[in-house]
Amino acid sequence: MKRDPETVATEDLTRAEAKAELARLAREIAAHDRLYYQEDAPRISDAEYDALRRRNSAIEQQFGDLVRADSPSRRVGAAPSQGFAKITHSRPMLSLDNAFDDADVTAFVQRIRRFLGLADDEPVAMVAEPKIDGLSIALRYEDGRFVRGATRGDGTTGEDVTANLRTIRDLPATIKGCGVPQVLEVRGEVYMPREAFAALNEARAAEGETLFANPRNAAAGSLRQLDPKITATRPLHVFAYAWGELSAPIADTHWAFLERLAAWGFPVNPRALLCPDIEDLRGFYEAIGRERQALPYEIDGVVYKVNRLDWQERLGMVSRAPRWAIAHKFPAEQVETKLLDIIIQVGRTGALTPVAVLEPVTVAGVVVQRATLHNEDEIQRKDVRIGDTVVIQRAGDVIPQVVGVVAGKRPRGAEPFVFPDHCPECDSLAIRKEGEVARRCTGGLICPAQAVERLRHFVSRDAFDIEGLGEKHIEAFWRDGIVREPADLFRMAGRERDGALDIRGREGWGDKSTDNLFHAIEARRRIAFERFIFALGIRQVGQATAKLLARHYRTLANWREAMATATAEDRSGEAYDELTGIEGIGPSVAGDILDFFAEPHNRAVIEALAREVEVEAPPLPAAGSALAGKTIVFTGTLTTMTRAEAKARAEALGAKVAGSVSKKTDYVVVGADAGSKAAKAQELGVTVLGEDAWQKLAAG
Ligand code: IVH
């Protein structure tokens, strides 16, 4: 039977299959690029998209002569690949600094005064304008005729969207009036009015198309259409507010400039206001803030611009923003809605996060149905109850938050929220440690929310070190129920032989890669005890602690028994004292280890794993070794072995390897180019060994 090349691991592809795959990938990636860049409506996640590109590159590396002319790897960067020509702006398109409160605005004006050396009583007139939430564009007119239009892009280079801009009726195709310079570049903002946005989304929903997240995205998606006919159907509008290249000056002040633009037929925001002094800015900001909801378009603040253009010229810019202008942002928009439910999400680290389920409401242009409640204490502090009317806010792109409760609107009988003490995903105990805000699920290895992360850790290099098993594979195996816990890894090959599994037939796997994986797993059936412990992913048990535990308890059976006893004795008996008596293990780490063992799921995981693998006890320190029990520090470069090897050797001989020299250090082994540690050893009178002497010791 012919196999589907899409499902074959890259290294297993035949030449013919590789060719077909490259063609498919070029097609698919181009389609996703179109959805993402031109339609602002991606259908796959970034991770899935990256996987497609990675697969394309991997195949191209193997079959260099099959690289296609239209290969995605030949298109540079993320910007739209085809369709739009690039335009380099004759003057860079700048962005604006932000002010968030009155103090920021005052500082902005003071900077200007200082920079220009103005007297304290010299008024600084400003023009205040609403800050439109759209996308900026540059419109070039030559001899009064519109010739070219571009998006901002990265500020230096944008995309040529001339044909699309011609479809916007707000913009004059030819300028009528006097005094128009030969070259006139007008800049402004393209936006979509709120109502038009809602209607567009409604129509898209009826057609089963994806929805735009907000008017800004809708405007961007509409302007950046490859087919201007589509742009023409979209209700786009423009406000002009700045200029780029000019062949002759057209005004002395920003205000006069706006007046001329209006006279020439450009749409200028009617709410722009000339403020003779900075005291007037505050009034403008507050008035626009009050009107904000009623405005037909979305704004996210107001912009103040120095009115005198000679001053603007002198002020210039700092790092891509003019010194003569600032955006005074509005605080995050807040709205009220009803709290329908509180659900608990479990993160990859096991932290339980409460999430508010809301009656859908539009905040800052986006429909919000979920908001974070942060943690248990926050719910209590704000006394948030299901059924409450809550205030939520969203600032920029951040996750919406519940700010508080509207006290007067609480329904009768609303009960305080009781935070669960069991994980909603796996029903394991969820524990909150003193001093921590998060309650965490203790079901680590069996909790679906954490399992993939835990399995990834389990196979990682310092743990079981199973090669060829990436996160994507683990995720897929988990999802399909093939690997639900570590022991399942060791059962895979057997199940494949019995016909219960068909890894070879899965997407991304072929004969060779499957065999390689099974070999890699098989090679780890014997595993050092410390790796076994580390692989379990117990909180606070890193490699060093795993090593301490392995050395102390020596066998898995010993350790399990001791942990069971310590748990049963409620952490107060001998077994507990023994655990905390190990140098380097304090009560906090011990607590995490015992929490892990207290959870029956975790004990079952260890038991299943112990049936599959053979755990090797750490080597006993050589009796009578001169290094047994000594603390040793390595410094400088050794010529006969690597630092890692020297460390392993010293530890095998019963020494403890430390990173810094102290009075407790017994030996400092000095290699080439040793630095301050050698000097410190001398100072403290610690025995210093050269590489030869170290080798003699290491030879036992
Ligand atoms: S003036 C050199 N005026 O805000 C000054 N920008 O955050 C150029 N914006 O990139 C910008 N309304 O896209 C200016 N009335 C307004 C604006 C405005 C919206 C946008 C513009 C700019 C961004 C900076």
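Preceding this section is the structure that the text describes.
Presented here is an overview of the structure given in this document. Not measured: the values here are computed from a predicted model.

A closer look at the overall build of the chain
- Helix and strand counts for the chain stand at 24 helices and 26 strands.
- Its C-alpha atoms give the chain a radius of gyration of 34 Å, more than 25% over the compact-globule value 27 Å for 700 residues.
- Seen through its C-alpha atoms, the chain measures out along the principal axes to roughly 100 × 70 × 70 Å.
- Within the chain, buried positions represent 47% of all 700 residues.
- When the accessible area of the chain is evaluated, it comes to approximately 34600 Å², of which 50% is carbon and sulfur surface.
- With 93 positive and 104 negative side-chain charges, the chain shows a spacing of 3 Å between the two charge centroids.

Re the nonpolar core
- Grouped together as the largest cluster of nonpolar side chains are 59 residues, with contacts concentrated most on L489, M492, F532, L549, W559, L579 and I593.
- No other element matches the six residues that helix α20 (residues 587–598) contributes to this core.
- The residues touching F532, leaving out its near neighbours within four places in the chain, are F464, I527, L556, I606, L609, V613 and V615.

Observations regarding a negative patch on the surface
- Together, E569, E574, D577 and E578 give the surface a local cluster of negative charge.
- Along the polypeptide, E574 turns up in helix α19 (residues 574–581).
- Under the relative-accessibility criterion, E574 is labelled exposed at 69%.

Concerning unusual backbone geometry
- Unusually for a residue other than glycine, Q540 sits at a positive phi of about 65°.
- The residue Q540 is located in the loop between α16 (529–535) and α17 (543–553) in this model.
- Its identity is not glycine, yet D570 carries a phi of approximately 60°, on the positive side.
- Its place among the elements puts D570 in the loop between α18 (556–568) and α19.
- We classify D570 as exposed; its relative accessible area is 63%.

Here we look at α20
- With twelve residues, α20 should cover 16 Å at 1.5 Å per step; its first-to-last C-alpha distance of 16 Å lies within 8% of that length.
- Those residues of α20 that sit buried are V589, A590, G591, D592, I593, L594, D595, F596 and F597.
- Tucked inside the fold, the buried residues of α20 contact β19 (430–432), α17, α18, α19 and α21 (600–612).

Observations concerning the site of the ligand
- In the region of the ligand, 13 residues are neighbours, and E129, I132, E189, Y241 and K305 sit closest.
- The contact in question runs from an oxygen atom of the ligand to an N or O atom on the side chain of S136, over 3.3 Å.
- Within the side chain of E189, one N or O atom sits 2.7 Å away from an oxygen atom of the ligand.
- Protein chains bury 87% of the 530 Å² of accessible surface belonging to the ligand in isolation.
- When residues of the shell around the ligand are traced back to their parent elements, those giving at least two are β3 (126–132) and β10 (299–306).
- Looking at the shell around the ligand, the element that brings in the most residues is β3, giving four residues.

Side note on the sheet that holds strand β4 (residues 135–142)
- Strand order in the open sheet formed by four strands is β5-β4-β7-β8, and the pairing between neighbours is antiparallel. In this open sheet, the two edge strands, each paired with only one partner strand, are β5 (145–151) and β8 (237–246). Looking at each pair of strands side by side, their axes are set apart by 30° on average, direction ignored.
- As paired elements, β4 and strand β7 (residues 183–191) share eight bridges and run antiparallel to each other. Bridge assignment links I137 to a residue of β7, and that residue is G188.
- Against the sheet, helix α6 (residues 215–223) contacts β4, β5 and β7, and its axis sits at roughly 40° relative to β4.

With respect to the sheet that holds β3
- Taken in spatial order, the five strands of this open sheet run β2-β13-β10-β3-β9, and their pairing is mixed. Taken across any chain shown, the strands that pair with only one partner, and hence form the sheet edges, are β2 (98–99) and β9 (273–275).
- Of the pairings in the sheet, the one linking β3 to β9 comprises three bridges and is antiparallel in character. Across the sheet, V127 pairs through a bridge with L274, a residue of β9.
- Sitting on the sheet, helix α3 (residues 102–116) touches β2, β3, β10 and β13 (325–329), and the angle it makes with β13 is about 175°.
- This element, helix α8 (residues 254–263), spans β3, β9 and β10 of the sheet and lies at about 55° to β3.

Quick word on the pairing of strand β14 (residues 333–346)
- With six bridges connecting them, β14 and strand β17 (residues 389–394) associate as antiparallel partners. In the sheet register, E336 faces β17, and the bridge partner there is V391.
- As judged from the seven bridges shared by β14 and strand β15 (residues 351–363), these two strands associate in the antiparallel manner. Bridge assignment links V346 to a residue of β15, and that residue is L352.
- The loop that links β14 with its antiparallel partner β15 comprises four residues; one of these, G350, has a positive phi angle of about 95°.

Re the packing of α19 against α20
- Axis separation between α19 and α20 bottoms out at 9 Å; the angle between their running directions is 125°. Between α19 and α20, the angle falls in the class oblique. In this structure, α19 meets α20 at a crossing whose hand is right-handed. Across the interface between the two elements, Y576, L579 and T580 of α19 pack against P587, A590, I593 and L594 of α20.
- Residue composition of the contact of α19 with α20, by class: six nonpolar, one polar and no charged.

Here's the deal with the packing of aromatic side chains
- On inspection of all chains with the given rule, the structure shows 16 aromatic pairs.
- Their ring planes at 50° and their centres at 5.5 Å tell us that Y141 and F146 sit as a pair that is tilted. One exposure class covers both Y141 and F146, and it is buried.
- Considering the side-chain rings of F464 and F490, the 5.9 Å spacing of their centres and the 65° angle between planes classify their relative orientation as edge-to-face. Highlighted residues: F464 in the loop between α12 (448–459) and α13 (471–479) and F490 in helix α14 (residues 486–497), separated in sequence by 26 residues.
- In this structure F490 comes out as buried when scored by relative accessible area, which is 4%.
- Feature note: the residues F458, F464, F490 and F532 constitute an aromatic cluster, connected by ring pairs.

About the cut-offs
- Residues numbered from 1 in each chain as written.
- Predicted model: local features only at pLDDT ≥ 70, side-chain atom pairs only at ≥ 80, totals over all residues.
- Heavy atoms only, no water.
- Helix = DSSP H or I, 4+ residues; strand = E, 2+ residues; numbered from the N terminus.
- Rg over C-alpha atoms; globule rule 2.2 N^0.38 Å.
- Buried < 20%, exposed > 50% of the residue type's maximum accessible area, 1.4 Å probe, protein only.
- Areas by Shrake-Rupley, 256 points an atom, 1.4 Å probe, with all protein chains shown as cover.
- Lys, Arg positive; Asp, Glu negative; His and termini not counted.
- Charge placed at Lys NZ, Arg CZ, Asp CG, Glu CD.
- Core = buried A, V, L, I, M, F, W, Y, C linked by side-chain atoms within 4.5 Å.
- Contact = heavy atoms within 4.5 Å.
- Patch = residues over 30% accessible without salt bridge, like charges linked within 9 Å, V, L, I, M, F, W, Y side chains within 5 Å.
- Salt bridge = Lys/Arg side-chain N within 4 Å of Asp/Glu carboxyl O.
- Expected span 1.5 Å × (residues − 1).
- Near = heavy atom within 4 Å.
- Polar contact = N/O pair within 3.5 Å; in protein donor to acceptor, adjacent residues only side chain to side chain.
- Pairing = 2+ DSSP bridges.
- Axes fitted to C-alpha atoms, helices over the stretch in contact; angles between N-to-C directions.
- Parallel < 35°, antiparallel > 145°, perpendicular 65-115°, else oblique.
- Left-handed = near helix turned anticlockwise from the far one by under 90°.
- Nonpolar A, V, L, I, M, F, W, Y, C, P; charged D, E, K, R; others polar.
- Phe/Tyr/Trp six-rings, centres within 6.5 Å; stacked < 30°, edge-to-face > 60°.

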